[in-house]
Amino acid sequence: MTMIKVTDEPINAAEALKAFESGVAGAGAIVSFTGLVRDQASSGDVETLHLQAYSPMTETGIATAREEAHERWPLIDSHIIHRIGDMLPGDAIVFVATASAHRRPAFEAADYLMDYLKTEAVFWKKETTLSGTKWIEPRAEDYKDRARWSGS
């Protein structure tokens, strides 16, 4: 059962992984990634992180990236859950899981999906630190990571 979800509810990565594992018969490898809100930013200690999205549009983009991942690698299934709303340091912001017969496709597809989410998924991210509030854009390293998939 494929899941693509943008939600303002907390992500329970353990429950999400358990649900994913129960639906991927025949998998030889399952890779999961949970992204957390960092407590440090270049401008100081992070107090809160706020993400906004127009969920129907954002989920459509994520679904397209998921389809591309399934075309590139022999995946059995993948799940992508992304949080929006107000979060605190340590909160799960994203959960990605991929399953395949072998480990390499599962690792690469999860990495590919995360690079998409970091650079192209439509989210607006605002960080509040002790120094103030600012909108966050992807870093040059994020775009560099994403670009490595364009030639393969």
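Look up a bit, the structure's there.
These figures come from a predicted structure and were not determined experimentally. (Residues numbered from 1 in each chain as written. Predicted model: local features only at pLDDT ≥ 70, side-chain atom pairs only at ≥ 80, totals over all residues. Heavy atoms only, no water.)

**Brief notes about the overall build of the chain**
- The number of helices and strands found in the chain is four helices and nine strands.
- Reading the chain from its N terminus to its C terminus gives the helix and strand order β-α-β-β-β-α-β-β-β-α-β-β-α.
- At 16 Å, the chain has a C-alpha radius of gyration in line with the 15 Å of a compact globule built from 152 residues.
- Looking at the 152 residues of the chain, the share that counts as buried comes to 40%.
- Partitioning the contacts of the chain with sequence separation of at least 6, the portion at a separation of at least 24 is 77%.
- Surface accessibility of the chain: about 8,300 Å² in total, with carbon and sulfur atoms responsible for 52%. (Helix = DSSP H or I, 4+ residues; strand = E, 2+ residues; numbered from the N terminus. Rg over C-alpha atoms; globule rule 2.2 N^0.38 Å. Buried < 20%, exposed > 50% of the residue type's maximum accessible area, 1.4 Å probe, protein only. Contact = heavy atoms within 4.5 Å. Areas by Shrake-Rupley, 256 points an atom, 1.4 Å probe, with all protein chains shown as cover.)

**Looking at the packing of helix 3 (residues 103-119) against helix 4 (residues 140-147)**
- At a minimum axis separation of 9 Å, helix 3 and helix 4 run at an interaxial angle of 140°. The orientation of helix 3 relative to helix 4 falls into the category oblique. Here the hand of the crossing between helix 3 and helix 4 comes out left-handed. On helix 4, the residues that touch Tyr112, Asp115, Tyr116, Lys118 and Thr119 of helix 3 are Asp142, Tyr143, Asp145 and Arg146. (Axes fitted to C-alpha atoms, helices over the stretch in contact; angles between N-to-C directions. Parallel < 35°, antiparallel > 145°, perpendicular 65-115°, else oblique. Left-handed = near helix turned anticlockwise from the far one by under 90°.)

**Brief notes about the sheet that holds strand 2 (residues 29-36)**
- An order of 1-5-7-2 is seen for the four strands of this open sheet, with the pairing classed as mixed. Each end of this open sheet is capped by a strand with a single partner; those strands are strand 1 (3-7) and strand 2. Each strand axis lies, on average, 5° off the axis of its neighbour in the sheet, ignoring direction.
- Summarising the sheet, strand 2 and strand 7 (residues 92-100) pair through eight bridges and their orientation is antiparallel. Within the sheet, the bridge partner assigned to Ser32 lies in strand 7 and is Ala97.
- Sheet contacts for helix 1 (residues 13-22): strand 2, strand 5 (75-83) and strand 7; angle to strand 7, the most-contacted strand, approximately 20°.
- Against the sheet, helix 3 engages strand 2, strand 5 and strand 7, with an angle of about 150° to strand 7. (Pairing = 2+ DSSP bridges.)

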